[in-house]
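Reading the structure
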Amino acid sequence: MSRIVSYFRVLTWLLIGAGASAAMILASFYLFLQPGLPPVEQLRDIRLQTPLRVYSADNQLIAEFGEMRRTPVRVEDVPIHQIHAFMAAEDSRFLDHHGVDPRGLTRAALELATTGSIQSGGSTITMQVAQNFFLTRDRTFLRKFNEILLALQIERELSKNEILELYLNKIYLGHRAYGLESAARVYYGVPPEALTLAQMAMIAGLPKAPSANNPLRNPNRALVRRDWILSRMERLGYITPEEHQQARSEPVTASYHGPEVELNAPYVAEMARTELFRRYGQSVYEDGYRVYLSIDGDRQKAATESLRNGLEAYDRRHGWRGPLDQWSLGDTPDMDELTSRLREIPRVADLVPALITDTGSDAVALTVNNGLVRIPMESMRWARPYINENAQGPRPETPEDIVSRGDVVYVRFPVQPVLDNADGKTLEAELAQLPDIQGAVVAVNPDTGRIEALSGGYSFAASRFNRAVQAKRQPGSAFKPLVFLAALENGATAATTINDAPIVFDDDELETTWRPENVSGEFRGPTTLRQALYESRNLVSIRLLRDTGIQRTLDYISALGIDTSTQPRDLSLALGSGPMTPLELTRAYAIIANGGYAVEPVLIERIVDDEGDVVFQAPEVIHCERCDHDDPELLDAALPLDDTSRNDTPPRVLERVADPASVYIMDSMLRDVITRGTGRRARALGREDIAGKTGTTNDQRDTWFLGYNPDLATGVWVGFDQPRSLGRGEFGSSTALPIWQEFMGKALSGKPERLMQRPAGIVSRRINPETGEPVPAGTRNARFEIFRADLAPEEAPEREYEDGESGTEDERLPQQLF
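A quick note: this is a predicted structure, and the numbers were derived from the prediction, not measured.

Structural notes on the overall build of the protein
Looking only at helices and strands, the protein has 23 helices and 26 strands in total. For the protein, restricting intrachain contacts to residue pairs at least 6 apart in sequence, the fraction spanning at least 24 positions comes to 69%. Of the roughly 38,700 Å² of accessible surface on the protein, a fraction of 49% belongs to carbon and sulfur atoms.

Looking at the packing of aromatic side chains
Applying the stated criterion across every chain yields a total of 10 aromatic pairs. An angle of 15° between the planes, with centres 4.4 Å apart, marks the rings of Tyr280 and Tyr289 as stacked. Here Arg279 stacks its cationic end above the ring of Phe616, 4.4 Å away from the centre of that ring. Its end group placed over the ring of Tyr458, Arg308 keeps NZ or CZ at 5.7 Å from the ring centre.

A few points about the side chain of Ser56
Within the secondary structure, Ser56 is located in the loop between β1 (52-55) and β2 (61-65). For Ser56, a relative accessible area of 0% translates into the label buried. Aside from chain neighbours lying at most four places away, what touches Ser56 is Ile62, Leu263, Tyr292, Leu293 and Ile295.

Observations regarding the pattern of salt bridges
Counting across every chain of the model gives 39 salt bridges. For Asp227, the salt bridge is made with Arg226, and the minimal N-O distance between the two is 2.9 Å. Here Asp227 matches Arg226 in class, with each residue buried. One salt bridge in this structure joins Glu770 and Arg524, with 3.8 Å as the shortest N-O distance. Residue Glu770 is found in the loop between β25 (762-767) and β26 (783-788), and its partner Arg524 is found in the loop between β16 (512-514) and β17 (525-528); the two are separated by 246 residues along the sequence. Looking at Glu770, the relative accessible area reads 45%, which means it is partly exposed.

Details of unusual backbone geometry
One non-glycine residue, Ser536, lies in the positive phi region at around 55°. The phi dihedral of Asn781 falls on the positive side, at around 65°, and the residue is not glycine. Secondary-structure assignment places Asn781 in the loop between β25 and β26.

A look at the side chain of Thr357
Residue position: Thr357 is located in strand β5 (residues 352-359). Residue Thr357 is classed as buried on the basis of its relative accessible area, which comes to 13%. If we skip the residues at most four places from it in the chain, Thr357 touches Leu329, Met335, Val364, Ala365, Leu366, Leu372 and Arg405.

A few points about the packing of helix α12 (residues 297-317) against helix α22 (residues 736-747)
The contact between α12 and α22 brings their axes to 8 Å, and the two run at 155°. In terms of axis orientation, α12 runs roughly antiparallel to α22. Here the hand of the crossing between α12 and α22 comes out right-handed. Between α12 and α22, the residues in contact are Arg299, Ala302, Ala303, Glu305, Ser306, Leu307, Asn309, Gly310 and Leu311 and Ile739, Glu742, Phe743, Lys746 and Ala747, respectively.

Considering the environment of Ile498
Within the fold, Ile498 resides in strand β14 (residues 497-500). Taking C-alpha positions, Ile498 is 5.4 Å from Thr527, a pair spaced 29 residues apart along the chain. For Ile498, the contacting residues outside a window of four places in its chain are Gly525, Pro526, Thr527, Leu529, Val540, Arg543, Leu544 and Asp547.

Quick look at the sheet that holds strand β18 (residues 604-608)
Read from one edge to the other, the open sheet built from five strands follows the order β2-β1-β3-β18-β19, with strand pairing classed as mixed. Each of the sheet's edge strands pairs with one partner strand only, and the pair in question is β2 and β19 (614-617). Averaged over all neighbouring strand pairs, the angle between strand axes comes to 15°, with direction disregarded. Relative to strand β3 (residues 290-293), β1 runs parallel, the two being bridged by three bridges. Considered in β3, the bridge of Arg53 is made with Arg290.

Observations regarding the sheet that holds strand β22 (residues 691-696)
As summarised here, the arrangement of the five strands in space is β13-β12-β24-β23-β22, forming an open sheet in which the pairing is antiparallel. Each of the sheet's edge strands pairs with one partner strand only, and the pair in question is β13 (451-455) and β22. Across the sheet, the axes of successive neighbouring strands diverge by a mean angle of 5°, strand direction being ignored. Sheet analysis places strand β12 (residues 438-444) next to β13, joined by four bridges and oriented antiparallel.

Brief notes about the confidence of the model for the protein
Averaged over all residues, the pLDDT of the protein is 86; the fraction at 70 or higher stands at 83%. Note on residues 25-33: pLDDT is under 50 here. Beyond four places in sequence and across chains, it has 12 contacts. Contacts from residues 640-646, a stretch scored under 50 in pLDDT, to residues over four places away or in other chains number five contacts.

What counts and how
Residues numbered from 1 in each chain as written. Predicted model: local features only at pLDDT ≥ 70, side-chain atom pairs only at ≥ 80, totals over all residues. Heavy atoms only, no water. Helix = DSSP H or I, 4+ residues; strand = E, 2+ residues; numbered from the N terminus. Contact = heavy atoms within 4.5 Å. Areas by Shrake-Rupley, 256 points an atom, 1.4 Å probe, with all protein chains shown as cover. Phe/Tyr/Trp six-rings, centres within 6.5 Å; stacked < 30°, edge-to-face > 60°. Lys NZ or Arg CZ within 6 Å of the ring centre and 35° of its normal. Buried < 20%, exposed > 50% of the residue type's maximum accessible area, 1.4 Å probe, protein only. Salt bridge = Lys/Arg side-chain N within 4 Å of Asp/Glu carboxyl O. Axes fitted to C-alpha atoms, helices over the stretch in contact; angles between N-to-C directions. Parallel < 35°, antiparallel > 145°, perpendicular 65-115°, else oblique. Left-handed = near helix turned anticlockwise from the far one by under 90°. Pairing = 2+ DSSP bridges. pLDDT = per-residue confidence, 0-100.

What follows is the structure in structure tokens.
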């Protein structure tokens, strides 16, 4: 008996010693590791990595930039079933323990002892928070001990709800989705509160293995994990047996939902991203900034559609350039394999890759998402073979004239799907091709400079080069209004007459002779400036520049705020030989549209941080001719009476840079371009308040139309990225103007007409439209011209009729311009 007692005493002392040793070891670990533990208080002020989001002025999401898709949620907004699903999957005793679950730790310790590594883990939700925010994911004993200590600290300082909220916003759930909100939208396209019980369990199964248990990558394994979680939820009393059975009966419904882009405007999104990166650096992709742009959603859609329609129209005029590729199909092609190959060809805009499988009276093609489709011959008749920019082959009569079996082409589906009349099931498609031509559209509010629409090319996916702001091209005759405006401010009038006749310039340095011509090759002799502008007479423009002076004209244009460093210092300036971007030239027209104020383009309206604080706000813009920039009372008086849109940023005062009377005369001359000149096509809009100018450079390499009304200035450029001729019959009036017309028709739809307000100092005189000289009342074919009062000619004396001479009242009244 005494021996047993002795053994018992020895065993007891051994156990006490082992326990004391273990305690000392643990204490040593704690004393060693505790000083290096981060303060838990940091979790209260944690900044979750949230992507940069770009919005339009009407709050439509344009783009999202950042590796992590995350939208933080509050725990009180999360459905209770979703919380219970995570607890059933990860930590059913979360509400009972103090950060560490001894049962789970025991299991992890046994795995470590027997296998040398921890396979299943013993981490509670609190321990996962500690790991996700402070630690690495290495499966080592030291990291695990740190995790335990941090979890205990977190439980002492944070509430269970705070811990849950951190967990639900931090966990990685696959496919770039971080946090519950992002996962719900990535897999199901809905917010967490709209998920079904089965979908909640599916998401709760992801933290353990976001790839292996992913319903998109491995739906069968994800289904097993989901059903196990549902069973656990029933056993734990979280759901009823009926709820369990109903949820288990649901199939896997997950599918990938990308960022919910509401407005297609990738070129402006990239402009915003570049600017935000310049300001905030790499952290801009993680700090949750929201940037709101000046872009108007409806006008942006109109710009994108109008540009694509115009470029496709040009492309079709010049013929079919052939298929993308030719595949050998054999007698019994493997449709699944061919579909997989098609899937590798990128879709561009609404152009869908397709494989021609048959050519009968119509063509049949294989597509990725719609299977076999029919391409009616009627939709292919445009596809005359392309020879060069000036020639096409014969008009096709059958599909074999255009495509062959095995050709890979692009097709487009109508907005309203059309079914084949033969079987009522097969979709119809149209033959299409990716345009080789490019272009840009930019629309600016003349009063504020806000960019309301911008498209820098046919497709951002095909080319990220933003032609609206990066392409410096010769504007051609679209530059002439600046030369004419400089002349109007230096003594010329709209009635000034200049000879439209041949002219030759010798260049001694280059040993060449320059013989500029009009596009028509004709000369009409003495011509008023008004007529010279609306008919785009090159020789009058050159002589006008010579009379005004090249340097004086450049100085004037520079005073408008236009960069003249790339402009030539010779008479070719009159023909727009100096390169400009579409945005720069549109800004110049906006100055005319607003009556002569130096407006600056604005894209970013405001920037909001992840706390909802506005960190940048674009200033209000005011037009004030005699405002003292340092006098707040005068500035405040110039602001609109309705102050609901004011902000704390000091207003930007727009300087008047052009004489209002000269601008008014120029506006009337540019409206004549629409009513009787090279822009006549725009009369189809049925508006009296639009004005503009076409532009075409030598050999039709660049084509333009710049135009406006007092509410919107819009520029359109069309050309090839590597400059070459668009073809002999192509001009600004045939390429750029149709795009401008379509866009402005949509942008101004329902808007009342608004003519430029007539300033003081404008007078009218009857003139002979051929000579520009004043004529008396009663002169036939006379018209009124407007002048600056200081430059107006003396009125001609009234015509006296001789005895017996008579005339109708119509013969005595001049043809009035206004």
